[in-house]
Amino acid sequence: MMRLLSAALLTVSACAGEQAETGERADAFLAAIAAHCGESYGGKVVSTDAVDADFANEALVMQVRECSEGALRIPFHVGDDHSRTWVLTRTEAGLRLKHDHRHEDGSEDAVTQYGGDSGAVTATRAEFPVDAYSIDMFQREGLTASVTNVWAMEITDTMFAYELSRENRFFRVEFNLTAPVPAPPAPWG
């Protein structure tokens, strides 16, 4: 009985330590992005999927626009389309990524607020497997290919990247953090 109790206490202690480390990495990841608050950066598609040709031919700009304790709003501008905002928030277990999509009048798109909670997190990279809310929405909207999405964000001293991956699909855009660009118009949301 005493061995069982000791083993249980060690397991709880190890889990608490692991959760604390994940939290520290999540905080470091958010802080690295928040250091760019108020700045905008140009980017380019670096993946080679033919379906991304339209994106590759547009001016791509990320803007670290709103930074508060435990939350960041990062509009992603694609040419004249200002409808997309990445929303990163700190959760008890790590990070959450949501995609806020709006129409020109500011109303929510039918496909919005999708994303997931962080799986793997380091100080420089976070991965977000699709959550149950998003799976339900994708199925309702006929976007069944998206039910296995995994999004990722990565940051170094010189680059920020956003990724989407699933079977037979990989999209990655990288932004140059060494050369700020003028801020695009503020999107809705």
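Bear in mind the structure is a predicted one, so any value in this text is a computation, not a measurement. All residue numbers refer to position in the chain's written sequence, counted from 1. Only residues with pLDDT of at least 70 get local features here, since the model is predicted, and only at 80 or more are side-chain atom pairs given and counted; chain-wide, interface and lining totals rely on the full set of residues. Side-chain measures were taken over the full set of non-hydrogen atoms in the model, leaving aside hydrogen atoms and water.

## Quick word on the overall build of the protein
Within the protein one finds three helices and 11 strands. Secondary structure elements are taken from DSSP: a helix is a run of H or I of four residues or more, a strand is a run of E of two residues or more, and numbering for both begins at the N terminus. If you list the helices and strands of the protein from N to C, you get α-β-α-β-β-β-β-β-β-β-α-β-β-β. Put simply, the protein has 189 residues, and 40% of those count as buried. Accessible areas in this description were obtained via Shrake-Rupley with a 1.4 Å probe; residue shielding takes into account the shown protein chains only. In the structure as shown, the protein presents an accessible area of about 10100 Å², 55% of it carried by carbon and sulfur atoms. Exposed residues in this analysis have more than 50% of their type's maximum accessible area, buried residues have under 20%, and partly exposed residues fall in between, with area computed by a 1.4 Å probe over protein chains only.

## Topic: the packing of aromatic side chains
Between the rings of Phe, Tyr and Trp (Trp by its six-membered ring), a pair exists once the centres lie within 6.5 Å; its type follows the angle of the planes, with under 30 degrees stacked, over 60 edge-to-face, and the other angles tilted. Considering all chains together, one arrives at 12 aromatic pairs under this definition. Seen in terms of ring centroids, Phe-76 and Tyr-162 are 6.5 Å apart; in terms of plane orientation they differ by 35°. Their pairing is tilted. Highlighted residues: Phe-76 in strand E4 (residues 71-78) and Tyr-162 in strand E10 (residues 159-166), separated in sequence by 86 residues. In this structure Tyr-162 comes out as buried when scored by relative accessible area, which is 7%. Plain terms: the ring middles of Trp-86 and Phe-175 are 6.3 Å apart, the flat faces sit at 75° to each other, and that makes the pair edge-to-face. Here Trp-86 is found in strand E5 (residues 81-90), whereas its partner Phe-175 is found in strand E11 (residues 169-180), with 89 residues between them in sequence. For Phe-175, a relative accessible area of 1% puts it in the buried group. An aromatic cluster is built from Phe-55, Phe-76, Trp-86, Phe-160, Tyr-162, Phe-171 and Phe-175, whose rings are joined through pairwise contacts.

## Overview of the side chain of Ser-47
Tracing the backbone shows Ser-47 in the loop between strand E1 (40-45) and helix H2 (53-56). Beyond its immediate chain neighbours, meaning those up to four positions away, Ser-47 contacts Asp-52, Phe-170, Phe-171 and Arg-172. Residues count as neighbours in contact if any of their non-hydrogen atoms are within 4.5 Å of one another.

## Observations regarding unusual backbone geometry
Of note in this structure, Gln-113 is not a glycine but carries a positive phi near 60°. Tracing the sequence through the fold places Gln-113 in the loop between strand E6 (95-101) and strand E7 (114-117). By relative accessible area, Gln-113 is classed as partly exposed at 22%. Despite not being glycine, Asn-168 has its phi angle at roughly 60°, a positive value.

## Points about the confidence of the model for the protein
Keep in mind that low pLDDT regions are not for reading the predicted coordinates in detail. Per-residue confidence for the protein gives a mean pLDDT of 88; residues scoring 70 or more make up 87%. Long-range and interchain partners of residues 4-17, a stretch whose pLDDT sits below 50, account for zero contacts in this model, where long-range means more than four residues apart. Scored from 0 to 100, pLDDT reflects the predictor's confidence in each residue.

## Examining the pairing of strand E2 (residues 60-63)
Working note: regular strand, side chains alternate between the two faces of the sheet. Here E2 shows two buried faces, one formed by Leu-60 and Met-62 and the other by Val-61 and Gln-63. Any two strands with at least two DSSP-identified bridges between them are counted as paired. The pairing of E1 with E2 spans four bridges and is antiparallel. Paired with Gly-43 across the two strands is Leu-60, which belongs to E2. Where E2 lies against E4, three bridges are found, and the strand directions are antiparallel. Of the residues in E4, the one forming a bridge with Val-61 is His-77.

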